[in-house]
Amino acid sequence: DTAVSQTPKYLVTQMGNDKSIKCEQNLGHDTMYWYKQDSKKFLKIMFSYNNKELIINETVPNRFSPKSPDKAHLNLHINSLELGDSAVYFCASSQVTGGATDTQYFGPGTRLTVL
Amino acid sequence: EDKVVQSPLSLVVHEGDTVTLNCSYEVTNFRSLLWYKQEKKAPTFLFMLTSSGIEKKSGRLSSILDKKELFSILNITATQTGDSAVYLCAKGGSEKLVFGKGTKLTVNP
């Protein structure tokens, strides 16, 4: 059983389009994250949700809108895609104890290419 | 601002060599230091360190934390070509992890 899964694995689209990426975890964790990894492999947090509530929003353009229908799912919707959005997007989950994250487990990533 | 600095940025060695990867961090909100290995896809967890001076080991990999000097090292002995990857260090302390830029390790046969 896959612990953290994402769909799709690859996404190629034109500039200006709107697209969504889905993430699900079956680890029973209460916190989920979206990260962006650029071409230089730098992994940077975008959002974090704890029990369906947004707790971290790291200066991400408002074209990016996360949605968490329940604590096992965190989706990412991107409006008006731009060339600079091309990257690999990783979903992760963890248990947050006493206000601090423990080990985070990552999904396989979604490689987004904007043409 | 939270900073995690890894060195070297890249390293090329031969099979059988021993390597040491370095990670330094800022003390603000520190609770744990994590190491991940990233090959072609998702980062996979290696170690989480919370106490100074206690080595964690898994096969040929080991890691230790120095909370006084604010750094951690990851050692790999008798390297194999399968160890080729980007090794990421991350500081945990609040609800998020802050990652370094990684060390790209290439092990040649």
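Refer to the preceding data block for the structure.
The text that follows walks through the structure, step by step, so that each part is easy to find.

1. Section: the overall build of chain A
And then number 1: Looking only at helices and strands, chain A features zero helices and 13 strands.
And then number 2: Each helix and strand of chain A, placed in order from N terminus to C terminus, yields the pattern β-β-β-β-β-β-β-β-β-β-β-β-β.
And then number 3: Taken over C-alpha atoms, the radius of gyration comes to 13 Å for chain A, in line with the 13 Å a tight globule of 115 residues would show.
And then number 4: Its C-alpha atoms give chain A principal-axis dimensions of roughly 40 × 30 × 30 Å.
And then number 5: Residue pairs at least 24 apart in sequence account for 54% of intrachain contacts in chain A once pairs closer than 6 positions are excluded.
And then number 6: Carbon and sulfur atoms provide 49% of the accessible area of chain A, an area that totals close to 5600 Å².
And then number 7: The positive charge centre, built from 12 side chains, and the negative charge centre, built from 11, are 6 Å apart in chain A.

2. Topic: the state of the cysteines
Residues and elements named next belong to chain B.
And then number 1: Tallied over the full model, the rule gives two disulfides over all chains.
And then number 2: Each sulfur of the disulfide joining cysteine 23 and cysteine 89 lies 1.8 Å from the other. Because the sign of the S-S torsion sets the handedness, a value of about -60 degrees for the bond joining cysteine 23 and cysteine 89 places this disulfide among the left-handed ones. Within this pair, whereas cysteine 23 is found in strand β3 (residues 19-25), its partner cysteine 89 is found in strand β9 (residues 85-92), the two being separated by 66 residues in sequence.

3. Describing the side chain of threonine 31 of chain A
Residues and elements named next belong to chain A.
And then number 1: Note that threonine 31 resides in strand β4 (residues 31-37).
And then number 2: Engagement of the side chain of threonine 31 in a polar contact is seen with the side chain of aspartate 30, the distance being 2.8 Å.
And then number 3: At a separation of 2.7 Å, a polar atom in the side chain of threonine 31 contacts the side chain of asparagine 50.
And then number 4: Sequence-distant contacts of threonine 31, that is, excluding residues within four places in its chain, are made with Ser48, Tyr49, Asn50, Ile55, Ala92, Ser93, Ser94 and Val96.

4. Description of the interface of chain B and chain A
And then number 1: Counting residues at the interface gives 20 residues for chain B, matched by 21 residues for chain A.
And then number 2: Here chain B and chain A share an interface that buries about 1900 Å² over both sides, 60% of which is from carbon and sulfur atoms.
And then number 3: Viewed at the interface, chain A and chain B are joined by zero salt bridges.
And then number 4: Counting the contacts that link chain B with chain A gives two residue pairs in polar contact (both at pLDDT 80 or more).
And then number 5: Listing elements by their share of the side of chain B that touches chain A, those giving two or more residues are β4 (32-38), β5 (44-49) and β10 (97-99) of chain B.

5. Details of a nonpolar patch on the surface
And then number 1: Taken together, the side chains of Leu27 and Tyr105 of chain A together with Phe45 of chain B present a nonpolar region at the surface, about 240 Å² in accessible area.
And then number 2: Along the polypeptide, leucine 27 of chain A turns up in the loop between β3 (19-25) and β4.
And then number 3: Residue classification places leucine 27 of chain A among the partly exposed positions, given a relative accessible area of 35%.

6. Notes on the sheet that holds strand β7 (residues 61-66) of chain B
Residues and elements named next belong to chain B.
And then number 1: Strand order across the open sheet formed by five strands is β1-β3-β8-β7-β6, with antiparallel pairing between neighbours. In the strand order of this sheet, the two ends are held by β1 (4-7) and β6 (56-58), each with one partner. Pairs of neighbouring strands in the sheet enclose a mean axial angle of 15 degrees, with direction left out of account.
And then number 2: Two elements, β3 and strand β8 (residues 71-76), share six bridges in a ladder whose sense is antiparallel. Looking across to β8, one finds that serine 24 is bridged to phenylalanine 71.

Parameters at a glance
Residues numbered from 1 in each chain as written. Chains lettered and ligands numbered in written order. Predicted model: local features only at pLDDT ≥ 70, side-chain atom pairs only at ≥ 80, totals over all residues. Heavy atoms only, no water. Helix = DSSP H or I, 4+ residues; strand = E, 2+ residues; numbered from the N terminus. Rg over C-alpha atoms; globule rule 2.2 N^0.38 Å. Contact = heavy atoms within 4.5 Å. Areas by Shrake-Rupley, 256 points an atom, 1.4 Å probe, with all protein chains shown as cover. Lys, Arg positive; Asp, Glu negative; His and termini not counted. Charge placed at Lys NZ, Arg CZ, Asp CG, Glu CD. Disulfide = S-S within 2.5 Å. Polar contact = N/O pair within 3.5 Å; in protein donor to acceptor, adjacent residues only side chain to side chain. Buried area = accessible area lost by both parts, 1.4 Å probe. Salt bridge = Lys/Arg side-chain N within 4 Å of Asp/Glu carboxyl O. Patch = residues over 30% accessible without salt bridge, like charges linked within 9 Å, V, L, I, M, F, W, Y side chains within 5 Å. Buried < 20%, exposed > 50% of the residue type's maximum accessible area, 1.4 Å probe, protein only. Pairing = 2+ DSSP bridges. Axes fitted to C-alpha atoms, helices over the stretch in contact; angles between N-to-C directions.

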